[in-house]
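What the coordinates show
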Amino acid sequence: MSEFIMAQANGRTIPLEDKIFGISRLAKEMIAEKGKDAVTNATIGALLDDEGKLVVLSSVVEVLRNLTPEDYAEYAPIGGTPEFKTSIKKATFGSYEPKCFTEAVATPGGTGAIRNTIANYTAIGDQVLTSDWFWATYNSIAGEIGRSVTTYTLFDKEGRFNVKAFETKINELLMKQDSLMIILNTPAHNPTGYTFTLEDWDQILAAVEAAAGQDKKVALLVDVAYIDFAGDGIEYRKFMPKLENLPKNILPIIAYSLSKTFTLYGMRCGAMICMTPDKQIADEFVRVTQFSARASWSNCTRASMVVLTKIYDDLKLLEKVNEEREFYREVLVKRGKAFEEEAAKVGLEIVPFDSGFFASIPCENPDEIGKKLQAEGIFLVPLAKGLRVSVASVSEERCRMLPAKILAAMK
Ligand SMILES: Cc1ncc(COP(=O)(O)O)c(C=O)c1O
């Protein structure tokens, strides 16, 4: 007899427990039983210090602590305060000044930007395209609102961006759909740590332009959740000018989040920012995405908007925040390099890695290998095509220790 459930599934597959949180719970249980030293919990998508404590930028906390009740108690406008919109554009683009129309609409983190883009730039039943290594939450967000995710093979046999696979897939989808949304998570992609090169970008945009022609509509969501922890901010923003003034039926939307950059994960703040040569499309972007915001989360936290505004209104404070982040970014980059170096040394194949919170190992039976490692106190996230290691959540020493252990579990 099937189990009685009160809720309506509405075509969604709803697991009993989120996979990553479930594994993290097992790691915590083992820590309670055997102690911290016996467990390496490399499942967490947040930056932790070497003792396993959440890294929180003290310069940001100080601003937060000094807010007035009005700063956080009052509703924010649906699309965000005007000052926030100005500040978040500066945070997103850095020193680059787009020569096209840009509009920012506040969202609860990058997640909200992804949801709002799917809701407004795809039709119900559409397939959203991303790479075969991808953040599984894209699937949940799309499925929740009657869409689904389909993938292309990210790398070719030489470990380079597989433009052929990308091209084939967009052409195939645009034969069936009038519009297409593509999610590109770069730089420092979750789960691989890969960053699209400028050449990759040229290939991506040429393929999209050719496939879209004049009458198909393509929304290009660039999920930059990890941009400020990837490496030098100017270097990692060099792709942005390529997005200005594309044909008007191709709409780049940047999903920017305060979660990692300002260590404000729990404050739920970010923005979706469009880049278009057409004023009407920019105005429409504001109208439709604000409508969806009102109908789902209404407005976002005013406190985080005021924090960002205060940081960008005060050059000294901005420098302080950037310096503090830079310190932790170096810690993170070192951990990633340690993992990469050690993997090469012991002969563990990893997916092309550049920087960021995660690295991945391709393998045939990730669940089984994951379980074997858990017995040894190592907790990783099994994905469809391999295992994900969060270098953000374990020390450099442990990043060096992991490759040999993973390789041994694969044998
Ligand atoms: C690939 C990717 N995109 C977007 C996000 C958005 O996070 P948030 O909604 O906290 O900004 C995350 C967070 O884990 C992520 O890994």
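Residues numbered from 1 in each chain as written. Predicted model: local features only at pLDDT ≥ 70, side-chain atom pairs only at ≥ 80, totals over all residues. Heavy atoms only, no water.

1. What about the sheet that holds strand 11 (residues 381–382)?
Within the open sheet, the three strands sit side by side as 9-12-11. Their pairing is antiparallel. The sheet terminates laterally at strand 9 (358–362) and strand 11, the two strands that pair on one side only. Sheet topology note: the strand 11/strand 12 (residues 386–390) ladder contains two bridges and is antiparallel. Note that in strand 12 the partner of V381 across the bridge is R388. (Pairing = 2+ DSSP bridges. Helix = DSSP H or I, 4+ residues; strand = E, 2+ residues; numbered from the N terminus.)

2. A word on the site of the ligand
As a matter of local geometry, the ligand sits amid 14 residues, with T111, D223, Y226, S257 and K260 nearest to it. A distance of 2.5 Å separates an oxygen atom of the ligand from a polar side-chain atom of T111. Protein contacts shield 91% of the accessible area of the ligand, which totals 390 Å² for the unbound molecule. For the shell around the ligand, the leading source of residues is helix 5 (residues 109–121), giving three residues. (Near = heavy atom within 4 Å. Polar contact = N/O pair within 3.5 Å; in protein donor to acceptor, adjacent residues only side chain to side chain. Areas by Shrake-Rupley, 256 points an atom, 1.4 Å probe, with all protein chains shown as cover.)

3. What to know about the pattern of salt bridges
Enumeration over the complete set of coordinates arrives at 24 salt bridges. Across the pair E17 and R25 runs a salt bridge, and its minimum N-O distance is 2.8 Å. Using a relative accessible area of 37% as the deciding quantity, one classes E17 as partly exposed. Here K216 ties to D178 by a salt bridge, and the two come within 3.9 Å at their closest N and O atoms. Here D178 lies in the loop between helix 7 (163–176) and strand 5 (179–185) and K216 lies in the loop between helix 8 (198–212) and strand 6 (217–223), a separation of 38 residues in the sequence. Several salt bridges converge on common partners, so that one network encompasses E341, E342, K345, E396 and R400. (Salt bridge = Lys/Arg side-chain N within 4 Å of Asp/Glu carboxyl O. Buried < 20%, exposed > 50% of the residue type's maximum accessible area, 1.4 Å probe, protein only.)

4. A look at the domain arrangement of the protein
Each assigned domain of the protein is listed here: domain 1 (19–54 + 321–410) and domain 2 (63–313). Here the C-alpha centroids of domain 1 and domain 2 sit 27 Å apart. Contacts between the two partners involve 26 residues from domain 1 and, on the opposite side, 23 residues from domain 2. Counting the surface lost from both domain 1 and domain 2, the interface buries some 2000 Å², and carbon and sulfur atoms represent 62% of this. Considering only the surface of domain 1 that becomes buried against domain 2, R325, R329 and P352 emerge as the three largest contributors, covering 27% of it. Seen at the junction of domain 1 and domain 2, the total is one salt bridge. Between D132 and K385 there is a salt bridge; the shortest N-O distance is 2.7 Å. (Domains from an automatic or database assignment. Contact = heavy atoms within 4.5 Å. Buried area = accessible area lost by both parts, 1.4 Å probe.)

5. What about the packing of aromatic side chains?
Using the criterion set out here, one finds 16 aromatic pairs in the structure. For the pair F93 and Y96, a centre-to-centre distance of 5.7 Å together with 80 degrees between the ring planes defines the contact as edge-to-face. Each member of the pair F93 and Y96 is classed as buried. Summarising the aromatic geometry, the rings of F327 and Y328 are spaced 5.0 Å apart at their centres and angled 85 degrees between planes, so their arrangement reads as edge-to-face. Owing to a relative accessible area of 53%, F327 belongs among the exposed residues under this scheme. Its relative accessible area of 22% is what places Y328 among the partly exposed residues. Put simply, the rings of Y152, F155, F161, F166, Y194, F196, W201 and F239 touch in pairs and so form one group of aromatic residues. We note R325 situated over the ring of F262; from NZ or CZ to the ring centre the distance is 5.1 Å. Against the face of F358 rests R388, its NZ or CZ located 3.8 Å from the ring centre. (Phe/Tyr/Trp six-rings, centres within 6.5 Å; stacked < 30°, edge-to-face > 60°. Lys NZ or Arg CZ within 6 Å of the ring centre and 35° of its normal.)

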